[in-house]
Amino acid sequence: MDFAALTPKLQSQLAKIGIGRAFDFVLHLPLRYEDETHLWPITDAPVGTQVLVEGEVQSCEVQYKPRKQLVARVADASGTLVVRLLNFYPSAAKQLAVGKRVRLFGEIRRGFWGDEMVHPKIRVVGKHNELNESLTPVYPTTAGLPQFQLVKYIGQALKSCNLADTLPASVIDPLNLPDFAGSVRLLHNPPPDVPQILLRERTHPAWRRLKFDELLAQQLSLRMARAARREQNAPVIRAKGELAAKLLAALPFGLTRAQQKVLAEINADLGEPHPMQRLLQGDVGAGKTVVAALAACAAIEAGWQVALMAPTEILAEQHFRKLADWLAPLDIQVAWLTGSLKSKDKKAALADALEGRAQLIVGTHALFQQEVAFERLGLVIVDEQHRFGVAQRLALRSKGGSPHQLMMSATPIPRTLAMSFYADLDVSVIDELPPGRTPIVTKLVSDARRDEIISRIAAKVQEGRQVYWVCPLIEESEALQLQTAVDTHAQLSEELEGIRVGLVHGRLKPAEKAAVMAAFQKNEIQVLVATTVIEVGVDVPNASLMVIEHAERMGLAQLHQLRGRVGRGQHASFCVLLYAAPLSELAQTRLKVIRDTTDGFEIARQDLQIRGPGELVGIRQSGAAMLRFADLEADTDLLEAARETAQHLLAHAPEIAIRHLDRWLPGREALLRV
Ligand code: ADP
Ligand code: MG
């Protein structure tokens, strides 16, 4: 099979389903199988699954009521079956002409009027048509690329590609896994005696072999990336700690034990001659920002520049204010760079970065842009790192040398994910909240009781507190979402007489957004109506009540993030999840998880179970590293085995590791350097 000889159009279609070379056909495994190896008598065929039956057409007519449809009766020795086609070409009527023998593949419904198949696959057969010998694979595909074409190329690839095992028997045998060639052949053309349930549930040894290989490739690439990073030079930062001590002395609080611990880990990394890649995890409100500020102090004291990036303008601006507040008194120059700056201010900020005057530069994606250059960049801090893609992080890395990297995230990573996607990062966890916080009480309330909630808001404002009102997520239409926010704002302004209600959403100009947030921060606004733009990082300790409308539409991780905007100060805090009744059972289970736990790890674990890892943390963005076959929850044993094997191979047989990676992850060099 010569991949390069395929037409450019076909190649681009294939690229959409991840096929970029001949061997990718081999690794393009079926989604599911259809069983056309067995003919069922019509009356005995099981329901609820697709079956193959064969019989003679007894009648065939076009009916016009209730709508135009083709209806035929097909009989075998056991009984008859109605075939119904709601959309059909004239050719279908020919296939179903009276007297023809046909094979029908589809699901049988046993109805009051008899047995029926709607839109089966129809094939006219002669006297001696053989049955398929193996299950028919159904492949993931894309528009304009029919199954038969994929099947053809896959067949060619299986013949022409080198399927020799990348792994020796000494690795595979102890794990009870079969050989590679046999496994892929079986999965593409399973013989009839393979129990279908093992294929369907992907627990057949052949599936397990493929999953293992995939996980092993992932482990190898992460470990190699880590090793390669240790070869790079980064500034050795050993500060005396004078700046940090000054900042600590000025803070109105002392660090928690957890904060001290992670700070020590970070400072130790900064003192190493190779770049730190540390993920700082801590639940919302755990106090990551001050840790970042103290790490920045160390780098600045040693004469290096620090860049801090946040995913939204609101958050970047807030960090800028807070850090400038903390650091300007220590004579540290803090600069501010976002896409929305006036060109004169932007020029000044760029010059400050380039000429080294700015010691800390806070900003958004704007920091990635080409025109941005630093004189001596020593440390990069990325807040809410899961919001950024791999490519963006790469771009910042290219801003000179190999600076240390500190990534912060409030989205906890379950153990299996930490073992796989994040295996190349060092992780520090802030596992305690600052003292004196009262836990957030969460209530599920039907939106029929909206009036009560309004009085509750008025009472809270009377007490001097502030309130967030989060508008529903409307995924289908941003315009509609915006409209809803505007309407809600108008309505609440009317209902809450004498209370100042503000509005913030994604379509406001950055300056407008900043003005609203500043007013809320200063308590000039008491109730802030917001779209989910406030999801990350906003910090207004006086806000102690959050109402989330249509909470049932949001993901668990998102709800947890949102709720983290309250419970940041001394005041007892509440989160009201308004839902539209009636709730589905699944929605109920999900909302109860949020109501009953404030532990981000537990929520993430449940989320992983409900939605699968693809949705979680930054994996969406690092799509290239996505697992296609293995399932982190179901295949934990294979993941552990892959981890050990990767370690072993890299230590004792690196040539095997390279061979294996070459098969599974060709051309991933760029990713390896992230
Ligand atoms: P997150 O980890 O979600 O980014 P922040 O860094 O925004 O949390 O901190 C939340 C709030 O807690 C801020 O107002 C911060 O000043 C405060 N804070 C941080 N550390 C402590 C501490 N050790 N004691 C008391 N308050 C703290
Ligand atoms: Mg934060």
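Cut-offs applied
- Residues numbered from 1 in each chain as written.
- Chains lettered and ligands numbered in written order.
- Predicted model: local features only at pLDDT ≥ 70, side-chain atom pairs only at ≥ 80, totals over all residues.
- Heavy atoms only, no water.
- Near = heavy atom within 4 Å.
- Polar contact = N/O pair within 3.5 Å; in protein donor to acceptor, adjacent residues only side chain to side chain.
- Areas by Shrake-Rupley, 256 points an atom, 1.4 Å probe, with all protein chains shown as cover.
- Nonpolar A, V, L, I, M, F, W, Y, C, P; charged D, E, K, R; others polar.
- Helix = DSSP H or I, 4+ residues; strand = E, 2+ residues; numbered from the N terminus.
- Buried < 20%, exposed > 50% of the residue type's maximum accessible area, 1.4 Å probe, protein only.
- Contact = heavy atoms within 4.5 Å.
- pLDDT = per-residue confidence, 0-100.
- Phe/Tyr/Trp six-rings, centres within 6.5 Å; stacked < 30°, edge-to-face > 60°.
- Lys NZ or Arg CZ within 6 Å of the ring centre and 35° of its normal.
- Domains from an automatic or database assignment.
- Pairing = 2+ DSSP bridges.
- Axes fitted to C-alpha atoms, helices over the stretch in contact; angles between N-to-C directions.
- Expected span 1.5 Å × (residues − 1).
- Arc of directions from axis to C-beta.

Asks: Help me understand the site of ligand 1, please; the structure alone is not making it clear to me.
Replies: Lining the immediate environment of ligand 1, one finds 17 residues, of which Gly285, Lys288, Thr289, Arg437 and Asp539 sit closest. In the environment of ligand 1, an oxygen atom lies 3.0 Å from a nitrogen or oxygen atom belonging to the backbone of Gly287. Here an oxygen atom of ligand 1 and a side-chain polar atom of Arg568 are 3.1 Å apart. Protein coverage of the free-state accessible area of ligand 1, which is 570 Å², stands at 89%. In the shell around ligand 1, the residues fall into five nonpolar, six polar and six charged.

Asks: In this structure, what is going on with the side chain of Glu34? I would like to understand it.
Replies: Mapped onto the fold, Glu34 is located in strand 1 (residues 32-34). Residue classification places Glu34 among the buried positions, given a relative accessible area of 10%. Apart from the residues within four sequence positions on either side, Glu34 is in contact with Gln50, Phe105, Lys121, Leu135, Thr136 and Val138.

Asks: I'm lost on helix 19 (residues 556-563) in this one. Help?
Replies: Residues spaced three or four apart along an α-helix point in a common direction, a consequence of the helix completing one turn every 3.6 residues. When you tally the buried positions in helix 19, you get seven out of eight residues, the bulk of the element. Of all the residues in helix 19, the buried ones are Leu556, Gln558, Leu559, His560, Gln561, Leu562 and Arg563.

Asks: Sorry if this is basic, but what is going on with the confidence of the model for the protein chain here?
Replies: For any part of a model where pLDDT is low, the fine detail of the predicted coordinates should not be relied upon. Mean pLDDT for the protein chain: 87, with 92% of residues reaching 70 or above. Counting interchain partners and residues more than four positions distant, the pLDDT-below-50 stretch residues 613-625 has 33 contacts.

Asks: I would appreciate a short explanation of the packing of aromatic side chains in the present structure.
Replies: The description of two aromatic rings rests on the distance between their centres and on the angle between their planes. Enumeration according to the criterion identifies seven aromatic pairs in this entry. Ring centres of Tyr468 and Phe520 lie 5.2 Å apart, and the angle between their planes is 55 degrees; this geometry places the pair in the tilted category. Of this pair, Tyr468 sits in strand 18 (residues 466-470) while Phe520 is found in helix 18 (residues 510-521), placing the two residues 52 residues apart along the sequence. Exposure class is identical for Tyr468 and Phe520. Each is buried. Taken together, the ring pairs in this structure connect Phe3, Phe25 and Tyr153 into an aromatic cluster. Taking NZ or CZ as reference, Arg456 lies 4.9 Å from the ring centre of Phe574, over its face. Positioned above the aromatic ring of Phe180, the side-chain terminus of Arg663 is 4.3 Å from the ring centre.

Asks: Looking at this structure, I do not really get the domain arrangement of the protein chain. What am I missing?
Replies: Interface size is often expressed as the accessible area that is lost when the parts come together. According to the domain assignment, the protein chain consists of domain 1 (3-32 + 137-201), domain 2 (38-131), domain 3 (242-430) and domain 4 (440-597). Put simply, the middle of domain 1 and the middle of domain 4, counted by C-alpha atoms, are 49 Å apart.

Asks: Explain the sheet that holds strand 13 (residues 360-363) to me, please; I cannot follow it from the model alone.
Replies: Sheet strands line up and pair through hydrogen bonds in the backbone, either parallel or antiparallel. The seven strands are arranged 12-13-11-14-15-10-16 in an open sheet whose pairing can be described as parallel. Each having just a single partner strand, strand 12 (334-337) and strand 16 (426-430) make up the two edges of the open sheet. Between one strand axis and the next, the sheet turns through 20 degrees on average, direction left out of account. Bridge count between strand 10 (residues 277-282) and strand 15 (residues 404-409): five bridges; the pairing is parallel. Its bridge partner being in strand 15, Gln281 is matched across the sheet by Ser409. Sheet strands touched by helix 10 (residues 257-270): strand 10, strand 14 (377-382), strand 15 and strand 16. Its angle to strand 16, the strand with the most contacts, is close to 155 degrees.

Asks: Even after reading the chapter, I still don't get the sheet that holds strand 18, so can you show me in this structure?
Replies: Within the open sheet, the six strands sit side by side as 17-22-21-18-20-19. Their pairing is parallel. Edge strands, defined here as strands with exactly one partner in the open sheet, are strand 17 (441-446) and strand 19 (501-504). Direction aside, neighbouring strands of the sheet carry axes that sit 20 degrees apart on average. Relative to strand 20 (residues 527-530), strand 19 is paired through four bridges, and the arrangement is parallel. Directly across from Val501, in strand 20, lies its bridge partner Val527.

Asks: Quick question: what am I supposed to make of helix 17 (residues 478-495) here?
Replies: Between its first and last C-alpha, helix 17 extends 26 Å over 18 residues, near the 26 Å set by a 1.5 Å rise per residue. If you check which residues of helix 17 are buried, you get Gln481, Ala485, Thr488 and Leu492. Buried residues in helix 17, looked at end-on, bunch into an arc of 65 degrees, giving them a common side. Facing away from the buried side of helix 17, by more than 90 degrees, are the exposed residues Ala479 and Glu494. Where helix 17 is buried, its residues touch helix 16 (450-462), strand 18, strand 19 and strand 20.

Asks: Would you mind showing me how to read the environment of Val504 here?
Replies: By the element assignment, Val504 lies in strand 19. The spacing of Val504 and Leu482 is 22 residues in sequence and 9.9 Å in space, taken between C-alpha atoms.

Asks: What should I look at first to understand the pairing of strand 7 (residues 114-118) in this one?
Replies: Regular strands show a simple pattern: their side chains alternate between the two faces of the sheet. As judged from the three bridges shared by strand 4 (residues 80-85) and strand 7, these two strands associate in the parallel manner. Note that in strand 7 the partner of Val83 across the bridge is Met117. With three bridges joining them, strand 6 (residues 109-111) and strand 7 adopt antiparallel strand pairing. Within strand 7, the position partnered with Arg110 by the bridge is Asp115.

Asks: Would you mind showing me how to read unusual backbone geometry here?
Replies: Most peptide bonds take the trans form, and the phi angle of most residues other than glycine is negative. Residue Pro66 is bonded to the preceding Lys65 through a cis peptide linkage, with omega at 0 degrees. With respect to the secondary-structure elements, Pro66 resides in the loop between strand 2 (50-63) and strand 3 (69-75). The omega angle of the peptide bond from Ala581 to Pro582 is -5 degrees, so this bond is cis rather than trans. Its place among the elements puts Pro582 in the loop between strand 22 (574-579) and helix 20 (585-596).

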